[in-house]
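Remarks on the overall topology
Letter by letter, the chains look like this.
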Amino acid sequence: MILALEKVKKLVCFLGVKIHTALSCLVETGDFQRFAKGNIYAAYLGLVPGEDSSSDNINRLSITKAGNSHLKKLLVEASTGICKGQIGHKSKDLKARQYGNAPEVIAYADKANERLRRKYYKMIGHGKKKNVAVTEVKVDSIL
């Protein structure tokens, strides 16, 4: 029980992830160690693009409908929190959620949050649709 609370405390350091999302990730996923890399976890969730391929012709489709739909919805909703605010800015709520964690955990989360916000604003600047950019940011956060 204490181990799960520590994991939740670490997960809520990320933008858009609050207690409900963190608990759902832990409960629905179980042991994260069974996924060697983030792309395998993204495929498990169904957050990878579908593909219609034959020989050398590769056609990428939208994200698949496979995977855990509840967790996928929560993570895509959480990514909207990443896409609000300025790069490098931390809200009072995020600072409160990060309070009490190890400095290494906070530094790691801050670095990831800043990278994902930069990616989002770069995609929007290049003309991507908002929903496509939000979903791509969440997929990238898993990878």
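Look above for the structure.
What follows covers the layout of surface pockets. Put simply, the second largest pocket is a space of about 220 Å³. Looking at the second largest pocket, it is lined by eleven residues, and the ones nearest its centre are Ser 62, Ile 63, Val 132, Thr 135 and Glu 136. Sorting the residues of the lining of the second largest pocket by element identifies strand E2 (57-63) and helix H7 (130-142) as the ones contributing at least two each. Top contributing element to the lining of the second largest pocket by residue count: H7, with four residues. Per-class residue counts for the lining of the second largest pocket are seven nonpolar, two polar and two charged.

Helix-helix packing: each pair is described by the crossing angle between the helix axes and the interaxial distance. Where helix H2 (residues 19-29) contacts helix H4 (residues 69-82), the axes come no closer than 10 Å and their chain directions differ by 145°. Of the two possible hands of crossing, H2 and H4 adopt the one that is left-handed. Mapping the contact onto sequence places His 20, Thr 21, Ser 24, Cys 25, Glu 28 and Thr 29 in H2 and His 70, Leu 71, Leu 74, Leu 75 and Ala 78 in H4. Here the contact of H2 with H4 is composed, by residue class, of five nonpolar, five polar and one charged.

How each quantity is defined
Residues numbered from 1 in each chain as written. Predicted model: local features only at pLDDT ≥ 70, side-chain atom pairs only at ≥ 80, totals over all residues. Heavy atoms only, no water. 1 Å grid on protein atoms, 1.4 Å probe; cavity = no way out; pocket = protein on both sides within 12 Å on 5 of 7 lines; lining within 4 Å. Points joined across faces, edges and corners; volume = space filled by probe spheres on them. Helix = DSSP H or I, 4+ residues; strand = E, 2+ residues; numbered from the N terminus. Nonpolar A, V, L, I, M, F, W, Y, C, P; charged D, E, K, R; others polar. Axes fitted to C-alpha atoms, helices over the stretch in contact; angles between N-to-C directions. Left-handed = near helix turned anticlockwise from the far one by under 90°. Contact = heavy atoms within 4.5 Å.

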